[in-house]
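# Analysis of the macromolecular model
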Amino acid sequence: MSQLRIAEIFGPTIQGEGALIGEPTVFVRTGGCDYRCAWCDSLHAVDTAFRHTWAAMPTDAVWAEVLRLSKGHPLTVSLSGGNPAIQDFTQLIALGHAQGYRFACETQGSIAKPWFGDLDTLVLSPKPPSSGETVDWAAFDACLLAAKGAGNVVMKIVIFDDADYAWARAAADKYPDVPLYLQPGNLEVDPDVAVDPQLLADKLLWLVDKTINDSWFAPRVLPQLHVLLWGNKRGV
């Protein structure tokens, strides 16, 4: 069995955002990322300063933990990070599919892997200008190509400001056939700081108003449901 570098495995809980929002899910969060987004809300799975907290686990041990948490009830397993595309989930997906589990993965689209095509849902989340990162669209295209055969491929973009919004519209024009989900960003990422639900609601309304006033009806606009429900707690 291959080894996986794991930051945490938790759930079941509900998926808090994107195409599978509200779906019962066990999360397998990997350690390590090739990005350093300015507003990253999972630095414990990104920054190498936390490497000592990550566990090297064989795939069968990861699967055993998913089974334990889900009590053997098939549900969705979300591969997240960090950037889960750094690692090889081929064997884990095969183990889960054999028992009726579904697999989703969210990645920024910077690294393509053959196992993308085995997924039930691939969420490609290119990072807008506010992240401080620059998207390599050739790498993004390679991810789309690798995902041929996946059950569902969507794009999700987090919006913090007008520049992000304009960037998202250009990305949507570039990939008109990929379903798009937009959500307002949460600037407060410290798990010890309480989230202001009214501020989050105001940002959501701002984003809804922009899309409607622009007659941009292609994307689905959604909240970060997990932030509204649980704030900045790690592991949600």
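Computed from a prediction, not measured in an experiment: that's the story for all the values here.

Calculation notes
Residues numbered from 1 in each chain as written. Predicted model: local features only at pLDDT ≥ 70, side-chain atom pairs only at ≥ 80, totals over all residues. Heavy atoms only, no water. Axes fitted to C-alpha atoms, helices over the stretch in contact; angles between N-to-C directions. Helix = DSSP H or I, 4+ residues; strand = E, 2+ residues; numbered from the N terminus. Parallel < 35°, antiparallel > 145°, perpendicular 65-115°, else oblique. Left-handed = near helix turned anticlockwise from the far one by under 90°. Contact = heavy atoms within 4.5 Å. Nonpolar A, V, L, I, M, F, W, Y, C, P; charged D, E, K, R; others polar. Salt bridge = Lys/Arg side-chain N within 4 Å of Asp/Glu carboxyl O. Buried < 20%, exposed > 50% of the residue type's maximum accessible area, 1.4 Å probe, protein only. Pairing = 2+ DSSP bridges. Right-handed = clockwise from strand over helix to strand, strands pointing away. Expected span 1.5 Å × (residues − 1). Arc of directions from axis to C-beta. Disulfide = S-S within 2.5 Å.

The next thing to look at is the packing of helix α1 (residues 59–70) against helix α2 (residues 90–97). Direction vectors running N to C along α1 and α2 enclose 40°, while the axes themselves pass 9 Å from each other. Classified by the angle their axes make, α1 and α2 are oblique. Here α1 and α2 pass one another in a crossing that is right-handed. Facing α1, whose interface residues are T59, V62 and W63, α2 presents Q91, L92, L95 and G96. Taken together, the residues that form the contact of α1 with α2 break down as four nonpolar, three polar and no charged.

Before going further, it helps to examine the pattern of salt bridges. Enumeration over the complete set of coordinates arrives at seven salt bridges. In this structure, E23 engages R102 in a salt bridge whose closest nitrogen and oxygen atoms are separated by 3.6 Å. With E23 in the loop between β1 (3–14) and β2 (24–30) and R102 in strand β5 (residues 102–107), this residue pair connects regions lying 79 residues apart in the sequence. With its nearest N and O atoms 2.6 Å apart, the salt bridge here joins K156 to E106.

Bringing the pairing of strand β4 (residues 76–80) into the picture now. In terms of burial, β4 is largely enclosed, as five of its five residues are buried. In β4, alternate side chains face the same way, and those of T76, S78 and S80 on one face and V77 and L79 on the other are all buried. Strand direction decides the pairing type here: β2 and β4, joined by five bridges, are parallel. Across the sheet, F27 pairs through a bridge with S78, a residue of β4. Across four bridges, β4 lies against β5 in parallel orientation. Across the sheet, residue T76 finds its bridge partner in β5, namely R102. The β-α-β motif built from β4, the intervening α2 and the parallel element β5 has right-handed crossover chirality.

Moving on, we get to α1. For α1, built from twelve residues, the straight-helix expectation of 16 Å at 1.5 Å per residue is met to within 8% by its first-to-last C-alpha distance of 17 Å. Inspection of α1 places T59, V62, W63, V66, L69 and S70 among the buried residues, and these make up the whole buried set. Down the axis of α1, the smallest arc covering the buried residues is 125°, so these residues share one side. Buried residues along α1 sit against β1, β2, β3 (55–58), β4, α2 and β5. K71 sits one or two positions beyond α1 and adopts a positive phi of about 55°.

Where β1 meets β3, four bridges bridge the pair, whose relative direction is antiparallel. Bridge assignment links I6 to a residue of β3, and that residue is A55.

When you line up the elements, V135 lands in the loop between β6 (121–124) and α3 (137–146). By relative accessible area, which is 12% here, V135 ends up buried. When the C-alpha positions of V135 and P58 are compared, they lie 32 Å apart, and in sequence the two are 77 residues distant. Residues within four places of V135 in sequence aside, it is in contact with Y35, P126, K127 and W167.

Quick look at the state of the cysteines now. Two cysteines form a disulfide when their sulfur atoms are joined by a covalent bond. Scanning the model with the defined rule gives zero disulfides in all. For the unlinked cysteine C40, the closest cysteine sulfur is that of C37, found at 6.4 Å. For C40, a relative accessible area of 14% puts it in the buried group. Not part of a disulfide, C143 finds its nearest cysteine sulfur in C105, a span of 9.2 Å.

What follows deals with the sheet that holds β2. Taking strand neighbours across the sheet as the criterion, the nine strands line up as β3-β1-β2-β4-β5-β6-β7-β8-β9 in an open arrangement whose pairing is mixed. The open sheet terminates on both sides in strands that have one partner only, identified here as β3 and β9 (220–221). Lying on the sheet, α1 is in contact with β1, β2, β3, β4 and β5; it crosses β1 at an angle near 10°. Strands in contact with helix α5 (residues 197–213) are β7 (153–159), β8 (180–184) and β9; relative to β8, the strand with the most contacts, it is inclined by about 140°.

Below, the discussion takes up α2. If you check which residues of α2 are buried, you get L92, I93 and G96. Looking straight down α2, one finds that the buried residues subtend no more than 95° of arc, so they occupy a single side.

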